[in-house]
Amino acid sequence: MVITSISDLRELARRRVPRAIFDYADRGSYDEITIRRNREDLDAIELRQRVMVNLTELSARTTVLGEEWAMPVAIAPTGLTGLFYGNGEIHGARAAQAFGVPFCLSTMSICSLEDVRAAVKAPFWFQLYLMRDRSFNEDLIARARAAGCSALVLTLDLQVQGVRRQDAKNGLSVPPRLTLKNMLDIASKPEWALRVLFGKRRTFGNLDARMKNTGGLRTLSQWIASQFDPAVTWQDVQWVRDRWPGKLILKGILDPEDADLAARTGADAIVVSNHGGRQLDGACSTIAVLPEVVDAVSGRCEVLFDGGVRCGQDVLKALALGARACLIGKTFLYSLAAMGEAGVALALDILRKELLVSLGLTGQTDVRAVSPSILRRTGAIRFPLSLPALPAAPSATRDS
Ligand SMILES: Cc1cc2nc3c(=O)[nH]c(=O)nc-3n(C[C@H](O)[C@H](O)[C@H](O)COP(=O)(O)O)c2cc1C
């Protein structure tokens, strides 16, 4: 199969991993309205084609949180990554390191903080969920510090879990439960099975000690419901801020008022995110709210973006609407499941090339200078007042 796009990597992933694992990445919550909106609203934005600009020097390099990145893209935290490809977190972190972009390890990863630390030189980010037992969070924060993590990403949008109907139908559990149906599926994917079987771990690497006390492994959603703290408030964000002196990123902001509250906590950055359409179904797309959030934050912290990023043009659109950089969740998992570390490297390369070509064709040469002026006004997006005025789209009736 000739791979020219993230869609190709998705298709390869679909063939290579068991159905329950693929669906876990691919599907959204409830009626999947929001997961669809993320893509539809990105697609609806039109770029302005400009010509006759010297494009010999195109640059995707940027600075985020004081660090140099090869392009404005980071790998989002994703749970169960090591079930998509044996030692998947290590493969992802290595590909990101080689490319020069950050990798974020999830609390719910298969490889532990220490496994990843031992495998890569570059510092990575660690994503934290707040559990009922705060001593466990203190422990995770201390482990992230010991591993030299360069940022802590606190996820705010999963106090309670949105129901992903397909996971329930597939009986997703960790490690995968062996039923006759999925045994046949696994038997048809021997390469995947061998890699996962001989990976460092098959259950949550960061939570091993914790899970021993929970009376054995149950479905993922049951475990989350029993361990994640539904009572957390902004005071708990402060609790984390007080314990983490490094860069703090708050992930899961989808409302300008929350963006304002987040900026007041002293966070270094926020991620405009609806968890990839996996939480509140019926919520708006992330790209639709991005300009309002950028406006509400008004420079107090950096604004990162995720949700539906599948090509370089998506990155360009998010930058034009005020994001400093994008995170990739599903794009990362598809590429990992398809081809391991080489797949992730390929996905990053595809995104970068698409970003550079599209940047040039909008008449720009440097991603750091991208502004809303590269977009045509369309109905889906409300442009914030504080961004430079845009040229009006030509009216269809003007000449009549
Ligand atoms: C399979 C999967 C697992 C995820 N696990 C986590 C997680 O453990 N922690 C977290 O903060 N976000 C998690 N997310 C959300 C991503 O970090 C990110 O917000 C989302 O995937 C972005 O949308 P995209 O998938 O369209 O790129 C997960 C997403 C997926 C697809």
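To be clear, the structure that these remarks concern was listed above.
Q: Give me the lowdown on a nonpolar patch on the surface, citing residues and values where you can.
A: On the surface, V53, L55 and L58 cluster together to form a nonpolar patch covering roughly 190 Å² of accessible area. Structurally, the position occupied by V53 is in the loop between β1 (46-47) and β2 (62-64).

Q: Break down the layout of surface pockets for me, citing the residues and quoting the values.
A: When its volume is computed, the largest pocket comes out at roughly 570 Å³. Lining the largest pocket are 28 residues, and of these L156, D157, L158, Q159 and G252 sit closest to its centre. Put simply, the parts of the chain that give the lining of the largest pocket at least two residues each are β7 (151-155), α12 (234-243) and β8 (247-253). The greatest single-element share of the lining of the largest pocket, amounting to three residues, is contributed by α12. Its residues assigned to classes, the lining of the largest pocket shows 14 nonpolar, nine polar and five charged. Roughly 390 Å³ of internal volume is contained in the second largest pocket. If you trace the second largest pocket, you find 21 residues lining it, with L319, G322, A323, R324 and R368 closest to the centre. At the level of elements, β2, α14 (286-297), β10 (302-306) and α15 (312-320) are the ones that each hand at least two residues to the lining of the second largest pocket.

Q: Go over the pairing of strand β9 (residues 269-272), please, and point to the residues and values.
A: Residues A269 and V271 of β9 are buried on one face, and the alternating residues I270 and V272, pointing to the opposite face, are buried as well. Pairing analysis gives four bridges linking β8 to β9, with the strands arranged parallel. The residue of β9 that forms the bridge with L250 is I270. Tracing the backbone out of β8, into helix α13 (residues 256-264) and back to the parallel element β9 gives a crossover that is right-handed. Summarising the sheet, β9 and β10 pair through four bridges and their orientation is parallel. Note on β10: the bridge partner recorded for V271 is L304. Once you follow β9 into α14 and on to β10, the crossover reads as right-handed.

What counts, and at which threshold
Residues numbered from 1 in each chain as written. Predicted model: local features only at pLDDT ≥ 70, side-chain atom pairs only at ≥ 80, totals over all residues. Heavy atoms only, no water. Patch = residues over 30% accessible without salt bridge, like charges linked within 9 Å, V, L, I, M, F, W, Y side chains within 5 Å. Areas by Shrake-Rupley, 256 points an atom, 1.4 Å probe, with all protein chains shown as cover. Salt bridge = Lys/Arg side-chain N within 4 Å of Asp/Glu carboxyl O. Helix = DSSP H or I, 4+ residues; strand = E, 2+ residues; numbered from the N terminus. 1 Å grid on protein atoms, 1.4 Å probe; cavity = no way out; pocket = protein on both sides within 12 Å on 5 of 7 lines; lining within 4 Å. Points joined across faces, edges and corners; volume = space filled by probe spheres on them. Nonpolar A, V, L, I, M, F, W, Y, C, P; charged D, E, K, R; others polar. Buried < 20%, exposed > 50% of the residue type's maximum accessible area, 1.4 Å probe, protein only. Pairing = 2+ DSSP bridges. Right-handed = clockwise from strand over helix to strand, strands pointing away.

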